Amino acid sequence: MTDGAARLELDQRTIHALIEAFDASDWLEMTVTVGSDRLYVSRRKQSDASPAPDPLPPIPVPVSTEPVHVQPAHATPPSLTGTVVESPSVGLFWRSPAPGAPPFVDVGTHVSAGDTLAIVEVMKLMNHVAAPVDGVVTAILVENGASVEYGQTIVIVDPES
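For clarity, every value in this text was computed on a predicted model and none was experimentally measured.

**Quick look at the sheet that holds strand β3 (residues 83–86)**
Remark on secondary structure: sheet strands pair via backbone hydrogen bonds, oriented parallel or antiparallel.
In step 1: On the basis of which strands lie adjacent, the open sheet formed by four strands has the order β3-β10-β8-β5 and antiparallel pairing. The strands lining the two open edges of the sheet, one partner per strand, are β3 and β5 (110–111).

Set out below in structure tokens:
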């Protein structure tokens, strides 16, 4: 790779858009390779799914650089105020770094911008959700281990005055 060259990768928005396209299709399986990243999705049960062929023949997939516009499925409850923290992708919401470990935060925890609030797991990738502002966690709106959607409000942080 030359200096200044952009590395192609499957970022969260691209993965989300590809999964939406897969859901809208009648395909049973889909594999997309972009640069060194590879995404494999199947509608088949694990025991029925054929393993993804390796290596895959290259299949050109148009990847848009335009932002994906998605309407959040869940609105913030109107009685809560503060800075809304949304799920960065579809996945599983985890309050702690490992089973049995204490949660990153609880309601009432003082946080600094950048502190980890939770993890959203997508296909075994752990995405840390960071506090956008300094403040106090006033609400955690998702149960540990629950499925979340892209843009769903998961935590509310009240900025310190």
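**Brief notes about the sheet that holds strand β6 (residues 116–122)**
In step 1: The sheet built from four strands is open, its strands ordered β7-β6-β4-β9 with antiparallel pairing. In the strand order of this sheet, the two ends are held by β7 (125–130) and β9 (147–148), each with one partner.
In step 2: Two strands pair when backbone bridges link them, and β6 and β7 are joined in this way by six bridges, in the antiparallel orientation. The residue bridging Val120 from the neighbouring strand is Asn127, located in β7.

**A look at the side chain of Ser96**
In step 1: Mapped onto the secondary structure, Ser96 falls in the loop between β4 (91–94) and β5.
In step 2: Within polar-contact distance, the side chain of Ser96 engages the backbone oxygen of Ala98 at 3.0 Å.

**Here's the deal with a negative patch on the surface**
In step 1: On the surface, a cluster of negative charge is contributed by Asp115, Asp134, Asp158 and Glu160.
In step 2: With respect to the element layout, Asp158 can be found in strand β10 (residues 153–159).
In step 3: The class of Asp158 is partly exposed, set by a relative accessible area of 33%.

**Regarding unusual backbone geometry**
In step 1: Even without being glycine, Met123 reaches a positive phi, approximately 50°.
In step 2: By the element assignment, Met123 lies in the loop between β6 and β7.
In step 3: Assessed through its relative accessible area of 46%, Met123 is described here as partly exposed.
In step 4: Although it is not a glycine, Lys124 adopts a positive phi angle of roughly 70°.
In step 5: By secondary structure assignment, the location of Lys124 is in the loop between β6 and β7.

**A short note on helix α1 (residues 12–24)**
Counting along an α-helix, one turn takes 3.6 residues, and residues three or four places apart therefore face a common direction.
In step 1: Compared with the 18 Å implied by 1.5 Å per residue over 13 residues, the 18 Å span of α1 between its first and last C-alpha is a close match.
In step 2: Looking only at α1, the buried set comprises Thr14, Ile15, His16, Leu18 and Phe22.
In step 3: Buried residues along α1 sit in contact with β1 (29–34) and β2 (37–42).

Rules behind the numbers
- Residues numbered from 1 in each chain as written.
- Predicted model: local features only at pLDDT ≥ 70, side-chain atom pairs only at ≥ 80, totals over all residues.
- Heavy atoms only, no water.
- Pairing = 2+ DSSP bridges.
- Helix = DSSP H or I, 4+ residues; strand = E, 2+ residues; numbered from the N terminus.
- Polar contact = N/O pair within 3.5 Å; in protein donor to acceptor, adjacent residues only side chain to side chain.
- Patch = residues over 30% accessible without salt bridge, like charges linked within 9 Å, V, L, I, M, F, W, Y side chains within 5 Å.
- Areas by Shrake-Rupley, 256 points an atom, 1.4 Å probe, with all protein chains shown as cover.
- Salt bridge = Lys/Arg side-chain N within 4 Å of Asp/Glu carboxyl O.
- Lys, Arg positive; Asp, Glu negative; His and termini not counted.
- Charge placed at Lys NZ, Arg CZ, Asp CG, Glu CD.
- Buried < 20%, exposed > 50% of the residue type's maximum accessible area, 1.4 Å probe, protein only.
- Expected span 1.5 Å × (residues − 1).
- Contact = heavy atoms within 4.5 Å.

None of the figures reported here should be taken as evidence of function without further support.
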